[in-house]
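Structural overview for review
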There are 2 protein chains.
Amino acid sequence: MFAILLCILLPSARAQSDPLPSWNNTPPKQVLLDFVHRVTQQGSPDFVPVDQRIATFDNDGTLWVEQPMYVQLAFVVYRVHQLAPNHPGWKTKQPFKGVLDGDMKAVEATGEKGLVQLMAATHAGMTVDQFQKIVTDFLANAQHPRFKRPYPQCVYQPMLELLAYLRANGFKTYIVSGGGIEFMRPWTEQVYGVPPEQVVGSSIKTKFEIVNGQPVLMRLPEINFIDDGDGKPVGINQYIGRRPIAAFGNSDGDLQMLQWTTAGPGPRLALIVHHTDAVREYAYDRQSHFGRLDKALDEAAVKGWVVVDMKNDWKTIFPPQH
Amino acid sequence: MFAILLCILLPSARAQSDPLPSWNNTPPKQVLLDFVHRVTQQGSPDFVPVDQRIATFDNDGTLWVEQPMYVQLAFVVYRVHQLAPNHPGWKTKQPFKGVLDGDMKAVEATGEKGLVQLMAATHAGMTVDQFQKIVTDFLANAQHPRFKRPYPQCVYQPMLELLAYLRANGFKTYIVSGGGIEFMRPWTEQVYGVPPEQVVGSSIKTKFEIVNGQPVLMRLPEINFIDDGDGKPVGINQYIGRRPIAAFGNSDGDLQMLQWTTAGPGPRLALIVHHTDAVREYAYDRQSHFGRLDKALDEAAVKGWVVVDMKNDWKTIFPPQH
């Protein structure tokens, strides 16, 4: 009898607990709670069937740290150091010399050509299975220079709660990032609860080959798709084939995703994480090299999109270290 | 009390009912039932966790009819006729003249250049939302020339049962087709129970634009990705990011998908639908223009893949007409 009572009482007890404990009781939290309530209430004019509850999240700067540089760029640096013993010529040849010397100005001076060379040396020429192991090794061994913790722990606790809260309400949560799709897939399920098939990102081309009787997918030094800016709605349509009803970003690279999401009929939510907290994380926007937020901040004001003031709206930034 | 008893008894009663009633009791059915049993039995050495139960299905010739021509080609013909009044020049200009005259030899003579012109005229130059409506209109109004029923009813009843059976056992079912991804997505959920985000296919490029203040995705007359042959494992990796444990096809265009699927560790299933039934459907393989099955049939024999003999293994071909 007690068990039956517990079963009856538990759901309402759970409903009363706070699903977003790391969010302060400021307007963004209320907007999020209201939106989820409206789209999930059967009979509400804003009710959205479960299969259409699609939410897309940018990754760099929205779910995890993107300063002092994109984590994937830190991976390139890590990987060049790791491979350097097999490439003695790199000591005197840009852009590799710049990376090895920590001279990022010299790397930048090599322009797009240099970037493609770095990408080819660190991201291509292996099978997709091998690349997955390389990424996993990097994330297990590297750490953030300031926070001194592995990158998968430099994720935003309030956003982890938001992801879980949306999923608990029937949403399918997707990552739609300018970052490499195969750089994210090995760890997003464990860290964000987002499985590989719900990760959309930039990619290089791969080629199917039979090597020693075994089929493999080789990674080629050639861009396939850039999932940034205009590319985000294109990627959403290509991979998901439905328009999200909610989208979350933090930079101008997310502007078109937010425009595309909010232009559909029915209830819509667009949210921008504004990095305003130099003490606990970083403060940057219109002038930043990584994650510049300029046009999207103006458009958010005009269109009434939610802008999270990290300093005031978030109680905590990172999950407890483990 | 009766209700409680019913609840207790129902699951076992359901388990004893046949999940594949349109399959004869020949070897393919037993292999399917055995495979699903093995991968879903907790504690079995072949147990596969739910998140890894990925099954991929070719579409043309595996889930629906591909004779006397691919349905998407029938769509091109339909669309050219529909658009012809606005293009008086087509009456005298190939490849359009050939399509309008029903002279497919003349169309073929225009080669790849002609095909690209037809694709551009029928598949590009509109938004993705507009194209979705055009496809939906075609499927509602066109019918198969021999079976005299709409194309979405020219699907294979045994495969519908297999899709549902796999999903009931925790599988995520995907379509991986050489057909156009946006030609399939408007109807696969209703017909196969496969939502748009689980459809992988060939695509043309799209471009994000703001038109009259509204963001749209315009379809461009430019190939983005061909999801056939070598392209199928590439597409699987790109869209799903995991290797399937079961794959279903019917032609040489599926060979690499079956190779890629069966090359992974643990239990694997590869199945080929062999069209052997000229009376109830069609009989074709090594010499066929559409859906040629030659190399994959040889490899199936060597590797022990399941080959469905449609005539002998399927009790019924199509669902009841409605």
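By convention here, each chain's residues receive numbers from 1 onward along its written sequence. Chains carry letters and ligands carry numbers; both start at the beginning, A for chains and 1 for ligands, and go up in the order they are written. Note on the predicted model: pLDDT of at least 70 is required for a residue's local features to be given, and 80 or more for side-chain atom pairs to be given and counted; whole-chain, interface and lining totals, by contrast, use all residues. By convention in this description, side-chain values take in all heavy atoms of the structure and omit both hydrogens and water.

All names here are of chain A. Across the two faces of strand β5 (residues 246-249) the burial is the same, with Ala 246 and Phe 248 and Ala 247 and Gly 249 all buried. Two strands pair under a simple rule: DSSP has to find at least two bridges between them. Note on conventions: DSSP H or I runs of at least 4 residues are helices, E runs of at least 2 residues are strands, and numbering of each starts at the N terminus. Pairing analysis gives three bridges linking strand β1 (residues 54-57) to β5, with the strands arranged parallel. Across the sheet, the residue bridging to Thr 56 is Ala 247, located in β5. Strand direction decides the pairing type here: β5 and strand β6 (residues 269-274), joined by four bridges, are parallel. The partner of Ala 246 across the bridge, within β6, is Leu 269. Here, the term right-handed applies to a crossover whose path from the first strand over the helix to the second runs clockwise when the strands point away from the viewer. Regarding topology, helix α12 (residues 255-262) serves as the crossover connection from β5 to the parallel β6, and that connection is right-handed. For each residue, the accessible area found with a 1.4 Å probe, counting protein chains only, is set against the maximum for its type, and the residue is called buried under 20%, exposed over 50%, and partly exposed in between.

Turning our eyes to something else, we now look at the relation of the copies chain A and chain B. Structural alignment of chain A on chain B gives an RMSD of 0.0 Å, achieved by rotating through 180° and translating 0.0 Å along the axis. The transformation just described matches what one would write down for a two-fold rotation axis. The rotation axis passes nearest to the C-alpha of A:Tyr239 in chain A, at a distance of 3.2 Å. Contact definition: two residues touch when any of their heavy atoms are within 4.5 Å. A shared binding surface is used by both copies, with 100% of the interface residues of chain A retained as interface residues in chain B. The superposition of copies rests on a least-squares fit of C-alpha positions from residues with pLDDT of 70 or more in both.

For the rest of this paragraph, the subject is the sheet that holds strand β4 (residues 214-225) of chain A. Residue and element names in this part refer to chain A. Ordered by their spatial adjacency, seven strands build an open sheet running β4-β3-β2-β1-β5-β6-β7, and the pairing between neighbours is mixed. Only two strands of the sheet have a single partner each, and these edge strands are β4 and β7 (306-309). On average, each strand axis in the sheet is inclined to that of its neighbour by 30°, with strand direction left out of account. Where β1 meets strand β2 (residues 172-180), four bridges bridge the pair, whose relative direction is parallel. Residue pairing for β2: Phe 57 is matched across the bridge by Ile 175. Relative to β1, helix α8 (residues 157-168) is tilted by about 165°, and along the sheet it contacts β1, β2, β5 and β6. In this analysis, axes come from line fits to C-alpha atoms, helices being fitted only over the stretch in contact, and the angle between any two N-to-C directions falls in the range 0 to 180 degrees.

Let us look at the environment of B:Ala246. Residues and elements named next belong to chain B. Turning to its location among the elements, Ala 246 is positioned in strand β5 (residues 246-249). Take Ala 246: its relative accessible area is 0%, and that puts it in the buried class. Sequence spacing of Ala 246 and Gly 89 is 157 residues, and the spatial spacing of their C-alpha atoms is 49 Å. Excluding its chain neighbours within four sequence positions, the residues that come into contact with Ala 246 are Phe 35, Ile 54, Ala 55, Thr 56, Thr 261 and Leu 269.

Moving on, we come to the confidence of the model for chain A. All names here are of chain A. Predictor confidence is given residue by residue as pLDDT, running from a minimum of 0 to a maximum of 100. Model confidence for chain A is summarised by a mean pLDDT of 94, while 95% of its residues fall at 70 or above. Low pLDDT, under 50, characterises residues 5-14; the predicted model gives this stretch zero contacts beyond four residues in sequence or across chains. We note a pTM of 0.93 for the whole complex and an ipTM of 0.92 for its interfaces.

Let's shift gears to the pattern of salt bridges. A carboxyl oxygen of Asp or Glu within 4 Å of a side-chain nitrogen of Lys or Arg is what we treat as a salt bridge. Counting across every chain of the model gives 31 salt bridges over all chains. With a closest N to O distance of 2.7 Å, A:Asp254 and A:Lys232 form a salt bridge. Separated by 22 residues along the polypeptide, A:Asp254 in the loop between β5 and α12 and A:Lys232 in helix α11 (residues 231-239) bring together distant segments of the chain. The buried category is assigned to A:Asp254, whose relative accessible area is 1%. Classification of A:Lys232 as buried rests on a relative accessible area of 0%. Between B:Arg219 and B:Glu182 there is a salt bridge, with its nearest N and O atoms 3.4 Å apart. Pair noted here: B:Arg219 is in strand β4 (residues 214-225) and B:Glu182 is in helix α9 (residues 181-184), with a separation of 37 residues, a long-range link. By the burial criterion, B:Arg219 is buried, and B:Glu182 matches it. Here the salt bridges share partners, and the residues they tie into one network are A:Asp51, A:Lys172, A:Arg242, B:Glu189 and B:Glu197.

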